[in-house]
Amino acid sequence: MTSPPVRPPRRRNVIPGFGLTFGISALWLSIIVLIPLATIFLRSAHMGLEQFIAVGLSPRALEAYRLSFGTAAAAGVVNAIFGVVVAWVLVRYDFIGKRLVGAIVDLPFALPTAVAGIALTAIYAPNGWIGQLFDPLGIRIAFTPIGITIALIFIGLPFVVRSVEPVLADLGRDVEEAAATLGASRWQTFSRVILPAIGPALLTGFALTFARGVGEYGSVIFIAGNIQGSTEIAPLLIVTQLEQYNYDGATAIAVVMLLVSFGVLLGINLSQVASRRRMGA
Amino acid sequence: MNRNPVSESRFARAALITIALLFLALFILLPLFAVFSEALKEGFDDFAEAVSTPDALAAIRLTLIVAAISVPLNMVFGVAASWAITKFDFRGKGFLITLIDLPFSVSPVVSGLIFVLLFGANGYLGPWLAEHDVRIIFAVPGIVLATVFITFPFVARELIPLMMEQGKEDEEAAISLGASGWQTFWHVTLPNIRWALLYGVLLCNARAMGEFGAVSVVSGHIRGITNTMPLHVEILYNEYDFVGAFAVASLLAGLALVTLVIKTVLEWRFNLHHAGARH
Amino acid sequence: MISVENIRKQFGGFAALGGVDLQIAKGEFVALLGPSGSGKTTLLRVIAGLEFQDSGVVRFDGEDVSDRPVAERGVGFVFQHYALFRHMKVADNVSFGLSVRKRGERPSARERRERADELLRLVHLEGLGDRYPAQLSGGQRQRVALARALAIQPQLLLLDEPFGALDAKVRKDLRRWLRELHSQMGLTSIFVTHDQEEALELADRVVVLNKGAIEQIGTPEQVYTQPATPFVASFVGENTVLPGGVHVRPHDLEITTDGGHAVVVDNVFRKGGVWRIEGMLQGTDTLVELDLDAAQAAPETGSTIHVRPIRASNFTG
């Protein structure tokens, strides 16, 4: 037997099972996550930069990114605003059915995306419950970017609420009282003291909504319309490429999406670390 | 007049609660309601018929099989990874945790794509697999792989924070009293983490049964053979069989509701448990 | 002049304050002393406007401020755990009260920064304005909290357990320094404490509270030497209760050769410049504590001595 590739625990530890559990974890992680994910970068490395740019940044792809990133950002903003309201109400107020409301917030985590997708389409289609209210005004929701944004709002809401809730609950009342004794109005206290305190958590919630929204497929394709150049989202473009057995095209688009998502998450993580260091949390 | 310095006026409270409830009703509850309403639009008989066609039954069976394979696998992995991460110090621990979370930030479609690149006809292992007559993509193994990837983090994510908080004193005490590693796990660790484990398994299962994007890419949509329930919903919907699509969808929505109820009950129990454990 | 008239406050079924009256003159330094649950913090918060009384009146200079919100009372309040704004630099914390003023009354950013630096100098924290609270020690945070409260130029300074979270050495330095600051700035100050030593050392007047009622108001000297009730006698300073409700301090007992109370000595140890003798009143389980000049020979453990009060407070009934 050769020595294991990873150093054994540095300190002596009486608890057994490191080899077994670490082995299982590393093996499983490699088979399921690492090797498959690596293929995507391997494949794009084979392509050469020129070809990569030609497919990954083609006009059609750029349109799709713009739509996906744009709607994901819009949904993130809407969720940031209403997510804070929902979290605030859940943390600060008592009302009948609060526990039920708290449970409902998690529905988008539990409901299969395709189910959400067809339901939202049924509601917002021109003859649907809400769609028919807007149709006479000449506003179409389903099969337009508005519909996509609504689907992404549905998918992303729990991320913001669940990120902000614990921070809001932990925020000391004395800090708000201090602001009041110094002459701050309730609104000033909120905007100058509470909002900056929950800011990092809010940013995390926004980023998670955004990252999830960029890649979301099931809830979006039904309501999106899928018209090339106007309502074709990036994940759908990947699927289209795959259906035409254009693996390189699918890979290039996937890499661009992955890099942007990771970039956003990394940037936000770094800013969190910086602010946490300052605030000593 | 509002005199409490750290609260809002009664009017502001009522307004905020109303906004929150309206927002949730419009964006979250209405879609759920629509599923059941559309499913039962033509009466219960049509609903029952739609969910008992051979294709629907095959889809239900496949969904159950896929969940029955991928959930236990990820449960074993989740427990093993949490044990290694929380009971030992080693280099690269933070990296390992990041990797476990990775599938959360990958688009479902990309999750499917990576397995196509690996095992598909034009993929790295495609020719070899074809030679040996092994089918992964457009077959059940591909669906299982994609599902395992997507649901990979759920169990470990629930266990790691809890086991971190509980530390390793209990286990050290058991070992010092002569218990073996397995005895320690069964009699000391497992009772401490069972609710969190159940919670993680529950979420893992909900996602495994409901996954659409990743499975869609690797499945090939062969009716009766590689169609899971969410994929069957899509096929029926695209064929304008709305009652059928919503009928199958309502089964999945029912699963989601059951998941939410158990989850809420568990969280409720957890809180009691935590409050009690502090003393 | 602060006047508190017949203040009552209930929390659920619990009476935190049951009809409290108190007058505080301009420039006084007053301690609210009592055990936890005595209502001392509630009283402080009612005066600040952070809590509202169920009945009774709070007056500032004769004017009824009972309905005035905290933001308009203009009192400086220092919180027990400082309640600094963690996301703001120290200087921004200090000038927060100026920056939330109405447009027109609000000083410019430069004036605010100057004012903050001035206050930071006053609390001996010059040069730390650009730090974040997390980068300061406990004692420094305490002084930032004080500077922040002083920035709005309050007439009245309220402090809730101002030294509670600090270690002994820092606490001692800060006490002396707070006392100086109080007189230098001509403030009226009220602080809450459960530490009788702190109250006696710092305050002009001590208000002893118990179970939502005032037991005694007096100078530290009065409260210590002439306790008005058995509660004050036992809460302020060390105290032995001899038969007949006689409360006596350890240094007010002497050893006699004729008569007095027989005490079996359990334990003798040195406490500063004196011997502290602990023993049981013979035939009872009453603990007696007595201080004996360390120049004298200490009695043996197990021996029986006779003691007699030199000075005592007698409460009957």
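Residues numbered from 1 in each chain as written. Chains lettered and ligands numbered in written order. Predicted model: local features only at pLDDT ≥ 70, side-chain atom pairs only at ≥ 80, totals over all residues. Heavy atoms only, no water.

In terms of regular secondary structure, chain B is built from 13 helices and zero strands. Ordered by position from N to C terminus, the α and β elements of chain B give α-α-α-α-α-α-α-α-α-α-α-α-α. Counting every position in chain B, which comprises 279 residues, the buried fraction comes to 53%. Sequence-distant contacts, at least 24 apart, represent 72% of the contacts inside chain B between residues at least 6 apart. (Helix = DSSP H or I, 4+ residues; strand = E, 2+ residues; numbered from the N terminus. Buried < 20%, exposed > 50% of the residue type's maximum accessible area, 1.4 Å probe, protein only. Contact = heavy atoms within 4.5 Å.)

Once that is clear, we can look at the overall build of chain A. For chain A, the helix and strand inventory stands at 13 helices and zero strands. Put simply, chain A runs from its N terminus to its C terminus through helices and strands in the order α-α-α-α-α-α-α-α-α-α-α-α-α. By its C-alpha atoms, chain A is 75 × 65 × 35 Å across when sized along the principal axes. Within the span of chain A, comprising 281 residues, buried residues form 56% of the whole. Looking at chain A alone, contacts between residues at least 24 apart form 73% of all its contacts between residues at least 6 apart. Surface exposure of chain A reaches about 11,900 Å², of which carbon and sulfur atoms provide 66%. (Areas by Shrake-Rupley, 256 points an atom, 1.4 Å probe, with all protein chains shown as cover.)

Another point: the packing of aromatic side chains. A full pass over the atoms with the stated rule returns 29 aromatic pairs over all chains. Note on Phe 44 of chain B and Phe 47 of chain B: the rings are 5.6 Å apart at their centroids and 35° apart in plane angle, and the pair reads as tilted. Taken together, the residues span about one helical turn, with Phe 44 of chain B and Phe 47 of chain B both in helix α2 (residues 44–50) at a distance of three residues. One aromatic cluster is present, built from ring pairs that chain together Tyr 217 and Phe 222 of chain A together with Phe 212, Tyr 237, Tyr 240 and Phe 242 of chain B. Stacked on the ring of Trp 88 of chain A, the Lys or Arg Arg 92 of chain A has its end atom at 4.6 Å from the ring centre. If you follow Arg 270 of chain C out to its NZ or CZ, it ends over the ring of Trp 275 of chain C, 5.4 Å from the centre. (Phe/Tyr/Trp six-rings, centres within 6.5 Å; stacked < 30°, edge-to-face > 60°. Lys NZ or Arg CZ within 6 Å of the ring centre and 35° of its normal.)

All names here are of chain C. Pairing of strand β1 (residues 2–11) with strand β4 (residues 55–60) involves five bridges; the strand directions are antiparallel. Its bridge partner lying in β4, Glu 5 is registered against Val 57. Where β4 and strand β5 (residues 63–64) come together, two bridges link them in antiparallel fashion. Looking at β5, one finds that Arg 59 is bridged to Asp 64. (Pairing = 2+ DSSP bridges.)

All names here are of chain C. Topologically, Arg 68 is positioned in the loop between β5 and α2 (70–73). Using a relative accessible area of 23% as the deciding quantity, one classes Arg 68 as partly exposed. The spacing of Arg 68 and Ala 25 is 43 residues in sequence and 21 Å in space, taken between C-alpha atoms. Residue contacts for Arg 68: discarding those within four places in its chain leaves Phe 52, Glu 63 and Arg 73.

Of the residues lining the interface, four residues belong to chain B; the matching set on chain C comes to seven residues. Taking both partners together, chain B and chain C bury about 430 Å²; carbon and sulfur atoms supply 61% of that area. Viewed at the interface, chain C and chain B are joined by zero salt bridges. At the junction of chain B and chain C, the tally comes to zero residue pairs in polar contact (both at pLDDT 80 or more). Among the residues making up the side of chain B that touches chain C, the classes are represented as two nonpolar, one polar and one charged. (Buried area = accessible area lost by both parts, 1.4 Å probe. Salt bridge = Lys/Arg side-chain N within 4 Å of Asp/Glu carboxyl O. Polar contact = N/O pair within 3.5 Å; in protein donor to acceptor, adjacent residues only side chain to side chain. Nonpolar A, V, L, I, M, F, W, Y, C, P; charged D, E, K, R; others polar.)

Listed by partner, the interface residues are 92 residues for chain B and 89 residues for chain A. Interface of chain B and chain A: buried area, both sides summed, is about 8,100 Å²; carbon and sulfur atoms make up 79% of it. Taken together, the connections running from chain B to chain A amount to two salt bridges. Residue Glu 8 of chain B pairs with Arg 186 of chain A through a salt bridge whose shortest N-O separation is 2.6 Å. The element that contributes the greatest number of residues to the side of chain B that touches chain A is helix α1 (residues 10–39) of chain B, accounting for 20 residues.

Under the present numbering, the feature "transmembrane region" (unreviewed entry) in UniProt falls on residues 20–42, 67–91, 103–125, 137–161, 193–211 and 250–270 of chain A. The distance separating the terminal C-alpha atoms of residues 193–211 of chain A is 28 Å; by composition the span is 100% helix and 0% strand. (UniProt positions renumbered as here; feature names shortened; annotations may be inferred.)

Core analysis: the biggest nonpolar cluster contains 177 residues, and Ile 40, Leu 111, Tyr 124 and Ile 238 of chain A together with Ile 100 of chain B have the highest contact counts within it. Among the elements that make up this core, the one with the highest residue count is helix α3 (residues 59–92) of chain A (15 residues). Each of domain 1 (8–40) and domain 2 (45–277) of chain B contributes no fewer than three residues to this core. Ignoring anything within four residues of it in the chain, the contact list for Tyr 124 of chain A reads Ile 130, Gly 131, Ile 141, Ala 142, Ile 150 and Ile 223 of chain A together with Leu 26 of chain B. Ranked by size, the runner-up nonpolar core spans 42 residues in total, among them Leu 120, Trp 177, Leu 187 and Val 206 of chain C. (Core = buried A, V, L, I, M, F, W, Y, C linked by side-chain atoms within 4.5 Å. Domains from an automatic or database assignment.)

Two orientations exist for strands paired in a sheet by backbone hydrogen bonds: parallel and antiparallel. Across the sheet, which stays open at both edges, the four strands sit in the order β2-β1-β4-β5 (chain C) with antiparallel pairing between neighbours. Since the sheet does not close on itself, it has two edges, and those belong to β2 (14–24) and β5 of chain C, each with one partner.

With that settled, consider a negative patch on the surface. Residue and element names in this part refer to chain B. A cluster of acidic side chains, namely Glu 42, Asp 45, Asp 46 and Glu 49, defines a negative patch on the protein surface. Here Asp 46 is to be found in helix α2. Judged by its relative accessible area of 34%, Asp 46 is partly exposed. (Patch = residues over 30% accessible without salt bridge, like charges linked within 9 Å, V, L, I, M, F, W, Y side chains within 5 Å. Lys, Arg positive; Asp, Glu negative; His and termini not counted. Charge placed at Lys NZ, Arg CZ, Asp CG, Glu CD.)

This paragraph deals with the pattern of salt bridges. Inspection of the entire model under this criterion finds 40 salt bridges over all chains. In this structure, Arg 113 of chain C and Asp 117 of chain C form a salt bridge, with 3.3 Å as the shortest nitrogen-oxygen distance. Residue Arg 113 of chain C and its partner Asp 117 of chain C are both found in helix α5 (residues 109–122); the two are separated by four residues, about one turn of the helix. Its salt-bridge partner being Lys 169 of chain C, residue Asp 173 of chain C comes within 3.1 Å of it at the nearest N-O pair. Taken as a pair, Asp 173 of chain C and Lys 169 of chain C lie in helix α7 (residues 168–185) at a separation of four residues, close to a single helical turn. Among the charged side chains, a salt-bridge network with shared partners connects Asp 106, Arg 162 and Glu 165 of chain A together with Lys 263 and Glu 267 of chain B.

Looking now at the UniProt feature "domain: ABC transmembrane type-1" (unreviewed entry) in chain B. The feature "domain: ABC transmembrane type-1" (unreviewed entry), as annotated in UniProt, sits at residues 60–261 of chain B in this numbering. Here residues 60–261 of chain B is 77% helix and 0% strand, with 22 Å between the C-alpha atoms at its ends.

For the rest of this paragraph, the subject is the UniProt feature "transmembrane region" (unreviewed entry) in chain B. The UniProt entry lists residues 12–36, 56–83, 95–124, 136–156, 196–222 and 242–262 of chain B under the feature "transmembrane region" (unreviewed entry), expressed in the numbering used here. Taken end to end, residues 242–262 of chain B has its terminal C-alpha atoms 30 Å apart, with 100% of it in helix and 0% in strand.

When the UniProt feature table is mapped onto this chain numbering, "domain: ABC transmembrane type-1" (unreviewed entry) sits at residues 65–268 of chain A. Helix makes up 78% of residues 65–268 of chain A and strand 0%. Its end C-alpha atoms lie 20 Å apart.

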